[in-house]
Amino acid sequence: MNMQLILAIIAGILLAVGFLGTFVPVLPGAPLAWAGLLLAFFSDYCEISIKGLVITGIFAVLVSVLDNILPISMTKKFGGSKAAVTGSTIGLIAGFFIGPAGIILGPFIGAMIGELIHNHGDFHGVFKAGCGAFAGFITGTGLKMICVISFIWYYIISF
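Calculation notes
- Residues numbered from 1 in each chain as written.
- Predicted model: local features only at pLDDT ≥ 70, side-chain atom pairs only at ≥ 80, totals over all residues.
- Heavy atoms only, no water.
- Phe/Tyr/Trp six-rings, centres within 6.5 Å; stacked < 30°, edge-to-face > 60°.
- Helix = DSSP H or I, 4+ residues; strand = E, 2+ residues; numbered from the N terminus.
- Buried < 20%, exposed > 50% of the residue type's maximum accessible area, 1.4 Å probe, protein only.
- Core = buried A, V, L, I, M, F, W, Y, C linked by side-chain atoms within 4.5 Å.
- Contact = heavy atoms within 4.5 Å.
- Patch = residues over 30% accessible without salt bridge, like charges linked within 9 Å, V, L, I, M, F, W, Y side chains within 5 Å.
- Areas by Shrake-Rupley, 256 points an atom, 1.4 Å probe, with all protein chains shown as cover.
- Salt bridge = Lys/Arg side-chain N within 4 Å of Asp/Glu carboxyl O.

Engineer: Where do I start with the packing of aromatic side chains in this structure?
Structural biologist: Aromatic ring pairs: the centre-centre distance and the angle between the two ring planes describe each pair. Taken as a whole and assessed by the stated rule, the structure comprises four aromatic pairs. With a centroid separation of 5.5 Å and an interplanar angle of 85°, the aromatic rings of Phe108 and Phe127 are classed as edge-to-face. In this pair, Phe108 is assigned in helix H5 (residues 100-118) and Phe127 in helix H6 (residues 126-157), connecting sequence segments 19 residues apart. Owing to a relative accessible area of 18%, Phe108 belongs among the buried residues under this scheme. The exposure class of Phe127 is exposed, given its relative accessible area of 53%. Aromatic pair Tyr155 and Phe159: ring centres 5.1 Å apart, planes at 80°, arrangement edge-to-face. A residue is classified by how much of its surface remains accessible, and Phe159, at 53% relative accessible area, is exposed. A network of ring pairs unites the aromatic residues Phe108, Phe127 and Phe134 as a single cluster.

Right, here's the structure in full:
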């Protein structure tokens, strides 16, 4: 196997791992997928332009920043505290080990528990904070998926 083919294969693997990173909290999805495009750029098997690489890089950074800001801003917009945001993150990580339902419900339940702890057992606003964390998580995950899927599409058509 020649080096050009190896680069193209590793690029595809990075794009696949980047897709997993759109819903696995420990993997930076968009940056990994963009790294795959960067490797593909150096392969003779793919025709990725510098302009395309720069544009996708900007989107990778933008989506990564938004993914960190959206859950916080949505939780606060729905009346949640920092404890709800922290609980949402912990719930997402714990939910990952439970499976798909845990990944979806983990941020919601975690935010509610965090808000309950913050409010010393007062149920006022707990459900609303959970909904905000969930909305932020779903929005951020959706944006990451759209971004990474478009990177994968760009990689596929570049052959």
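Engineer: Would you take a moment to explain the nonpolar core for this structure?
Structural biologist: Generally speaking, a soluble globular protein has its nonpolar side chains buried in company with each other. Among the nonpolar cores identified, the biggest contains 17 residues, and Leu15, Leu37, Ala40, Cys46, Ile48, Phe151 and Tyr155 are the most heavily contacted of them. Of all the secondary-structure elements, those providing two or more residues to this core are helix H1 (3-20), helix H2 (29-41), helix H3 (50-77) and H6. Per element, the largest residue contribution to this core is five residues, and it comes from H6. If we ignore the near neighbours within four places in the chain, the residues touching Leu15 are Ala33, Gly36, Leu37, Val148, Phe151, Ile152 and Tyr155.

Engineer: Looking at this structure, how should I read a nonpolar patch on the surface?
Structural biologist: Together, Ile55, Phe59, Leu62, Leu66 and Leu143 make up a nonpolar patch on the protein surface, roughly 400 Å² of accessible area in all. A per-element tally of the nonpolar patch places H3 first, with four residues. Following the sequence through the fold, Ile55 ends up in helix H3.

Engineer: Looking at this structure, I do not really get the environment of Phe137. What am I missing?
Structural biologist: Relative to the helices and strands, Phe137 resides in helix H6. We classify Phe137 as buried; its relative accessible area is 9%. C-alpha separation for the pair Phe137 and Ala16, spaced 121 residues apart in sequence, amounts to 21 Å.

What is shown is where atoms sit, not what they do.
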